[in-house]
Amino acid sequence: MQISKDTYFSKFYSQKAIVLYFILLLICSAVFINRVLPFIWIISGVLEIVLFFYFLNYLSKKWIHLSEKIFLRRIFITALIIRVCYVIFSYFFYLKMTGQPFEFSAGDALFYHNFPSEIADVGLTKAFILAKNYRIDISDMGQPLVVATLYTIFGKVIIIPRILNAILSSWMCILLYRFANRNFGEMAAHNTAIIAMLLPNFIYYCGLHLKETNMIFLVVLFMERADYVLRGEKIKISTLIVPVLVGAFLFFFRTVLAASLWLAFFSALIFTSRKVGGWKKRILVVFWFLIAAFFIFSGKIEKDLGDYWSASSNNQSINMKSRADRKGGNTLSEKGSVAIFAPMILVAPFPTFVNVDGQDNQMYQNGSYVVKNIMAFFVIMALLSIIFIYKTYKYHVLLLAFVASYLGIISMSSFALSERFHLPTLPFLVLLAGFGITQINAKRKKLFIPYLILIAIVIIGWNWFKLAGRGAA
């Protein structure tokens, strides 16, 4: 597929996106005047929006003619500098705001510090014994093992795991470039790497003790190496080792996520175009992965996966009702369903532009959410091109199967609008957006403003929903 070398993220889109943010801020402040977003979160939102869209336009044009080697070096170094600076800033920011170097209303983050600290005290070899005593599920052992290893080596220095987050997140940008280049060409890969480098969502999670950054990196590593196996001329045991080991380790982070990745890989092996690889290669790879799967889908992991699927038919309605009934909850939550969540799953979640008690983290990230909402336009353009224009979906089964299966599962769960549960697919939405930018013609460009208007209506409605469900609208 030939991609125009002159394609980059134009000022037309960056200016419109920034203007939309300020319009939304003004409308929500006027309509919900008694619940105006605190000034500190207005500042954070403005920085997230303005810096992202300004530099996406500037760098996608300025770095367009760099050689691959120089471009990737700049991507990694710039991403690392941004992330390390944010890690240091967020450490002292949270210390000042909350009295501890953890985010607002920290729950999981404290677990991912305290439990690894205990593991480091008793030794890594006793980690699973300790987990059994505390009844900690195996699907939540990945991050504790990583942090406990760092604590064992460097001592219980809270900022060290976050520095690792910064390194892995920067490396992820390089992996996404290679994945995108192999699938959609150099220009799409160029855009993908810059978006990933600048995306506020990725930067934000580097400053937390949560498992998301490590998990996202492993997901991208698995997908990039699996894609490499599928598209390689010859099969080598060495090319299979990384995806097999990473795919296995991901079961220690999130069972359904790992299952979605394996499903995507097997789907690609079965349905991908013959131009990608011959049947002999597919049979050999299937044989190898069946052996690995025999060991992975056993015992507790198999039970967890089975329990999830057996409960999927009613867990959404039960959890939504629970959210409606709990103290400080949204009484309208129980009206949520697959029919509502599924159509908006590519665009969701939506930003909080009003002052909601106990949701400082969501208010802090209001600009990040808007970035994702806007960039979803280019994801949609990419999907239209792949499925209807070029009809090359058989070449991208791995990518499409993972995004579709995981988001499909999320849309049927109580986490359909939870940002943390969307994050594993975010790198691949970034990849699709990078390709989508290269697919804009004059006709499609005219759709951007109507799309922004639609998104604005949804966001305003979402903020009304958040307040109305709490009796504050």
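These numbers come from a predicted model, not from an experiment.

## Thoughts on the overall build of the chain
Check the secondary structure of the chain and you find 23 helices and zero strands. Classification of the 473 residues of the chain by burial places 55% in the buried group. Look at the contacts in the chain between residues 6 or more apart in sequence, and 80% of them connect residues 24 or more apart. Surface accessibility of the chain: about 20600 Å² in total, with carbon and sulfur atoms responsible for 66%.

## Side note on a positive patch on the surface
On the surface, a cluster of positive charge is contributed by Lys62, Lys69, Arg73 and Arg74. The element that contributes the greatest number of residues to the positive patch is helix α3 (residues 68–98), accounting for three residues. Within the secondary structure, Arg74 sits in helix α3.

## Quick notes on the nonpolar core
Core analysis: the largest hydrophobic core is formed by 137 residues, its most contacted members being Phe53, Leu250, Met375 and Phe378. When residues no more than four places from it in sequence are discounted, the contact partners of Phe378 are Phe9, Tyr13, Leu432, Ala433, Gly436, Ile437, Ile440 and Phe448. The next biggest cluster of nonpolar side chains, apart from the first, holds nine residues, and it includes Ala127, Leu130, Ala131 and Ala148.

## Overview of helix α2 (residues 39–62)
Side chains three or four residues apart in an α-helix point the same way, a direct result of the helix having 3.6 residues per turn. Between its first and last C-alpha atoms α2 spans 34 Å; for 24 residues at 1.5 Å apiece the expected length is 34 Å, and the two agree. For α2, every residue scored as buried is listed here: Trp41, Ile42, Ser44, Gly45, Glu48, Ile49, Phe52, Phe53, Leu56, Asn57, Leu59 and Ser60. For α2, the elements touching its buried residues are α1 (11–31), α3, α8 (186–198), α9 (200–206), α17 (360–364) and α18 (366–389).

## Quick look at the packing of helix α6 (residues 142–154) against helix α7 (residues 159–184)
The N-to-C vectors of α6 and α7 enclose an angle of 120°; their axes lie 9 Å apart at closest approach. Relative to α7, the element α6 is oriented oblique. For the pair α6 and α7, the crossing hand works out as right-handed. Together, Val146, Val147, Leu150, Tyr151 and Phe154 of α6 and Ile160, Pro161 and Leu164 of α7 make up the contact between the two elements. Of the residues assigned to the contact of α6 with α7, the class counts are eight nonpolar, no polar and no charged.

## What about the side chain of His209?
Along the chain, His209 falls in the loop between α9 and α10 (212–231). Here His209 falls in the buried class, since its relative accessible area comes to 1%. For His209, the side chain forms a polar contact with the side chain of Arg162, separated by 3.1 Å. Look past the residues within four positions of His209 in its chain and what remains in contact with it is Phe102, Ala109, Tyr112, His113, Gln143, Val147, Tyr151, Ile158, Pro161 and Arg162.

## Description of the side chain of His422
Looking at where His422 falls in the secondary structure, it is placed in helix α20 (residues 419–422). Since its relative accessible area comes to 3%, His422 is described here as buried. In this structure, His422 is in contact with Ile345, Ala348, Pro349, Lys372, Leu407, Ile410, Phe415, Ala416 and Leu417, ignoring residues within four places of it in sequence.

## Here's the deal with the pattern of salt bridges
Under the definition given, this model contains 10 salt bridges. Between Arg35 and Asp357 there is a salt bridge; the shortest N-O distance is 3.7 Å. Residue Arg35 is found in the loop between α1 and α2, and its partner Asp357 is found in the loop between α16 (338–341) and α17; the two are separated by 322 residues along the sequence. Looking at Arg35, the relative accessible area reads 24%, which means it is partly exposed. Asp357 gets classed as exposed once you look at its relative accessible area, which sits at 61%. Arg420 is the salt-bridge partner of Asp108, the closest N and O atoms lying 3.0 Å from each other. Residue Asp108 is found in helix α4 (residues 108–122), and its partner Arg420 is found in helix α20; the two are separated by 312 residues along the sequence. A relative accessible area of 38% places Asp108 in the partly exposed class. Residue classification places Arg420 among the partly exposed positions, given a relative accessible area of 22%. Taken together, the salt bridges that share partners define one network made up of Arg182, Glu224, Arg225, Asp227 and Arg231.

## Quick look at unusual backbone geometry
Cis geometry is adopted by the peptide bond preceding Pro349, which originates at Ala348 and carries an omega value of 0°. Within the chain, Ser105 stands out as a residue other than glycine whose phi angle is a positive 50°. When you line up the elements, Ser105 lands in the loop between α3 and α4. By relative accessible area, which is 65% here, Ser105 ends up exposed. Backbone geometry at Lys391 places phi at a positive 55°, although glycine is not the residue there. The class for Lys391 is exposed, based on a relative accessible area of 58%.

## Regarding the packing of aromatic side chains
Summed over the entire model, instances satisfying the criterion amount to 49 aromatic pairs. What links up through ring pairs into an aromatic cluster is the set Phe9, Phe12, Tyr13, Phe52, Phe53, Phe377, Phe378, Phe448 and Tyr451. A cation sits over an aromatic face here: Arg254 above Phe421, 4.3 Å from the ring centre. For the cation-ring pair, Lys445 lies above Phe12, with the distance from its terminal atom to the ring centre recorded as 4.6 Å.

## Some points on α8
Under the 1.5 Å per step criterion, the end-to-end length of α8 is 19 Å for 13 residues, consistent within 8% with the ideal 18 Å. Looking only at α8, the buried set comprises Met187, Ala188, Ala189, His190, Asn191, Thr192, Ala193, Ile194, Ile195, Ala196, Met197 and Leu198. Elements in contact with the buried residues of α8: α2, α3, α7, α9, α18 and α21 (426–437).

## Quick look at the confidence of the model for the chain
When pLDDT is averaged along the chain, the result is 88, and 85% of the positions lie at 70 or above. Scored below 50 in pLDDT, residues 1–6 makes 13 contacts in the model with residues more than four places away or belonging to other chains.

## Let's talk about the packing of helix α19 (residues 397–411) against α21
The contact between α19 and α21 brings their axes to 10 Å, and the two run at 130°. What the angle tells us is that α19 and α21 run oblique. Crossing hand, α19 versus α21: left-handed. Contacts between α19 and α21 pair Leu399, Phe402 and Val403 from the former with Phe428, Leu429, Leu431 and Leu432 from the latter. Residue composition of the contact of α19 with α21, by class: seven nonpolar, no polar and no charged.

The rules behind these values
Residues numbered from 1 in each chain as written. Predicted model: local features only at pLDDT ≥ 70, side-chain atom pairs only at ≥ 80, totals over all residues. Heavy atoms only, no water. Helix = DSSP H or I, 4+ residues; strand = E, 2+ residues; numbered from the N terminus. Buried < 20%, exposed > 50% of the residue type's maximum accessible area, 1.4 Å probe, protein only. Contact = heavy atoms within 4.5 Å. Areas by Shrake-Rupley, 256 points an atom, 1.4 Å probe, with all protein chains shown as cover. Patch = residues over 30% accessible without salt bridge, like charges linked within 9 Å, V, L, I, M, F, W, Y side chains within 5 Å. Salt bridge = Lys/Arg side-chain N within 4 Å of Asp/Glu carboxyl O. Lys, Arg positive; Asp, Glu negative; His and termini not counted. Charge placed at Lys NZ, Arg CZ, Asp CG, Glu CD. Core = buried A, V, L, I, M, F, W, Y, C linked by side-chain atoms within 4.5 Å. Expected span 1.5 Å × (residues − 1). Axes fitted to C-alpha atoms, helices over the stretch in contact; angles between N-to-C directions. Parallel < 35°, antiparallel > 145°, perpendicular 65-115°, else oblique. Left-handed = near helix turned anticlockwise from the far one by under 90°. Nonpolar A, V, L, I, M, F, W, Y, C, P; charged D, E, K, R; others polar. Polar contact = N/O pair within 3.5 Å; in protein donor to acceptor, adjacent residues only side chain to side chain. Phe/Tyr/Trp six-rings, centres within 6.5 Å; stacked < 30°, edge-to-face > 60°. Lys NZ or Arg CZ within 6 Å of the ring centre and 35° of its normal. pLDDT = per-residue confidence, 0-100.

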